[in-house]
Amino acid sequence: MKLKKFLIFAFIIINFININQSYSIEPDVFVQSTVNRASEALNNKYSIEEKIEKLKQIASETVDINGIGYYTLGAYRKNISENEINQYEMLFEQYFLKSFSSRLAEYSNPEIEVISKKELNENYTMVSSILVGTEQRPEVKIDWRIYTKNPENPLIRDLIIEGLSLARTQKEEFSSIIQSNDGDINALFSTLKKFIK
C-alpha cells in the first residue's frame, strides 16, 4: 500500500515538473509565430481600432521596448536623472506602441516568410524574411534582430528593412531633436507627448 502511494506521488511530481518545464524557442520559429499573429490581427474582419489594439498587445509581448528605448536615447541616457529616465521609459513605450500599431494597421493580411537565421553571438540572432510582393507592392526584405539572452523568452530588438535599421533611424532622429535644442532632453519629451496625443 505504501509503495502504491509512493508511486502515485512520484507520478504526480514527475508530471508537475514536465508541465512546468520551460523550453527554449528558436528565433526563426518565434519570428514566424509573431508575424502569423500580426497577420491574423490585420484581418479585414476587424476595425482599424481593433487592429491597433491587437497589434499593441502583440508588440508588448514580443518586442524589447525598453531595450530599444535605451538604444535610441544613446549617450544622453548617462546625463539625465533617474526621474527623467523613468519619464522617458513611459513616454517611449506609448510612442513606440502607437507608432508601430498605426503604421502596420494600414496593411491587410501581409504575408511574411521566414527564410533563414544566423546566430551572431550568444545574445543575438538575425532572422531573415521577406514580405511577399503583391500587385500593389514589391517584395520587401526584412531582417529581425532577436535578443536571445533568455532563450525561453526571445525578444525583437530591431527590424532592418531593405538594409535600413529602424532602431538606428530612430536614434538619429531623437539625437537630432536633442542637439537642435542645446541638449535639452525635455525637447524630446515634448515631441513624444505631441505624437502620443
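Values in this document were obtained by computation on a predicted structure and should not be read as measured data. Once a new chain begins, its residue numbering starts again from 1 and follows that chain's sequence as written. Local features in this predicted model are restricted to residues of pLDDT 70 or higher, and side-chain atom pairs are both shown and tallied only at a pLDDT of 80 or more, whereas totals for entire chains, interfaces and linings draw on every residue. Heavy atoms from the whole structure form the basis of all side-chain values; hydrogens and water molecules are not counted.

Trainee: When you look at the overall build of the chain in this model, what are you seeing that I'm missing?
Mentor: Numbered from the N terminus, helices here are DSSP runs of H or I no shorter than four residues, and strands are runs of E no shorter than two. Looking only at helices and strands, the chain has 7 helices and 5 strands in total. When the helices and strands of the chain are listed from N to C terminus, the series reads α-α-α-α-α-β-β-β-β-β-α-α. Taking contacts inside the chain between residues at least 6 apart in sequence as the whole, the part at least 24 apart equals 52%. Residue burial considers only the protein chains on display, and all accessible areas are found by Shrake-Rupley using a 1.4 Å probe. Accessible area for the chain stands at about 12600 Å²; split by element, carbon and sulfur atoms hold 53% of it. Should any heavy atoms of two residues lie within 4.5 Å, those residues are counted as being in contact.

Trainee: I tried to follow the nonpolar core on my own but got confused; where do I start?
Mentor: Take the buried residues of types Ala, Val, Leu, Ile, Met, Phe, Trp, Tyr and Cys, join any two whose side-chain atoms come within 4.5 Å, and each joined set is a nonpolar core. The buried label goes to any residue with under 20% of its type's maximum accessible area, the exposed label to any with over 50%, and the partly exposed label to all in between, with areas taken from a 1.4 Å probe on protein chains only. If you look at the biggest cluster of nonpolar residues, it comprises 33 residues, and the most contacted ones within it are Leu73, Tyr88, Phe92, Phe96, Trp144 and Leu188. Elements that contribute at least two residues to this core include exactly helix H2 (27-41), helix H4 (65-73), helix H5 (82-104), strand E2 (124-131), strand E3 (140-147), strand E4 (155-161), helix H6 (166-179) and helix H7 (185-196). Considering every element that reaches this core, the biggest residue donor is H5, with 7 residues. Apart from residues lying up to four places away in sequence, Tyr88 is in contact with Gly69, Tyr70, Thr72, Leu73, Phe174, Leu188, Phe189 and Leu192. Formed by 6 residues, the second largest nonpolar core is a distinct cluster that contains Ala38, Ala41, Leu42 and Ile58.

Trainee: Hey, could you run me through a negative patch on the surface in this one?
Mentor: Distance thresholds for patches are 9 Å for like charges and 5 Å for nonpolar side chains (Val, Leu, Ile, Met, Phe, Trp, Tyr), applied to residues having over 30% relative accessible area and no salt bridge. Definition used for salt bridges: Asp or Glu carboxyl oxygen within 4 Å of a side-chain nitrogen of Lys or Arg. Asp and Glu count as negative and Lys and Arg as positive, but His and the ends of the chain are not part of the count. Where a charge sits is defined by one atom per residue type, namely NZ (Lys), CZ (Arg), CG (Asp) or CD (Glu). The grouping of Glu111, Glu113, Glu139 and Glu162 at the surface amounts to a negative patch. Take Glu111: it is sitting in the loop between H5 and strand E1 (112-119). Residue class for Glu111 comes out partly exposed when judged on its relative accessible area of 44%.

Trainee: Any chance you could explain the pattern of salt bridges here in plain terms?
Mentor: Once the charged atoms of two side chains with opposite charge are near each other, the side chains can pair. Within the structure shown, the criterion is met by 6 salt bridges. The partner of Glu26 in a salt bridge is Lys117, and the shortest N-O contact between them spans 2.4 Å. One end of the pair, Glu26, is in the loop between helix H1 (2-20) and H2; the other, Lys117, is in strand E1, and 91 residues separate them in sequence. Two residues, Glu40 and Lys45, come together in a salt bridge whose shortest N-O distance is 3.5 Å. Shared partners join several salt bridges into a network, and the residues in it are Glu26, Asp28 and Lys117.

Trainee: Explain the side chain of Thr62 here, please?
Mentor: Counting through the fold element by element, Thr62 comes out in helix H3 (residues 48-62). Non-local contacts of Thr62, meaning those with residues more than four positions away in its chain, are made with Phe30, Thr34, Arg37, Pro154, Leu155 and Ile156.

Trainee: When you look at unusual backbone geometry in this model, what are you seeing that I'm missing?
Mentor: Glycine aside, a negative phi is what most residues show, and trans is what most peptide bonds show. The residue Glu162 is not glycine, and still its phi comes out positive at about 50°. Of note in this structure, Asp182 is not a glycine but carries a positive phi near 55°. For Asp182, the position within the fold is in the loop between H6 and H7.

Trainee: I keep staring at the confidence of the model for the chain and nothing clicks. Help me out?
Mentor: Note that predicted coordinates carrying low pLDDT should not be read in detail. A residue's pLDDT is the predictor's confidence in that residue, given on a scale from 0 to 100. In this model, the chain carries a mean pLDDT of 86, and residues with pLDDT of at least 70 account for 87%. Note on residues 9-22: pLDDT under 50 across the span, and 2 contacts to partners over four residues away in sequence or across chains.

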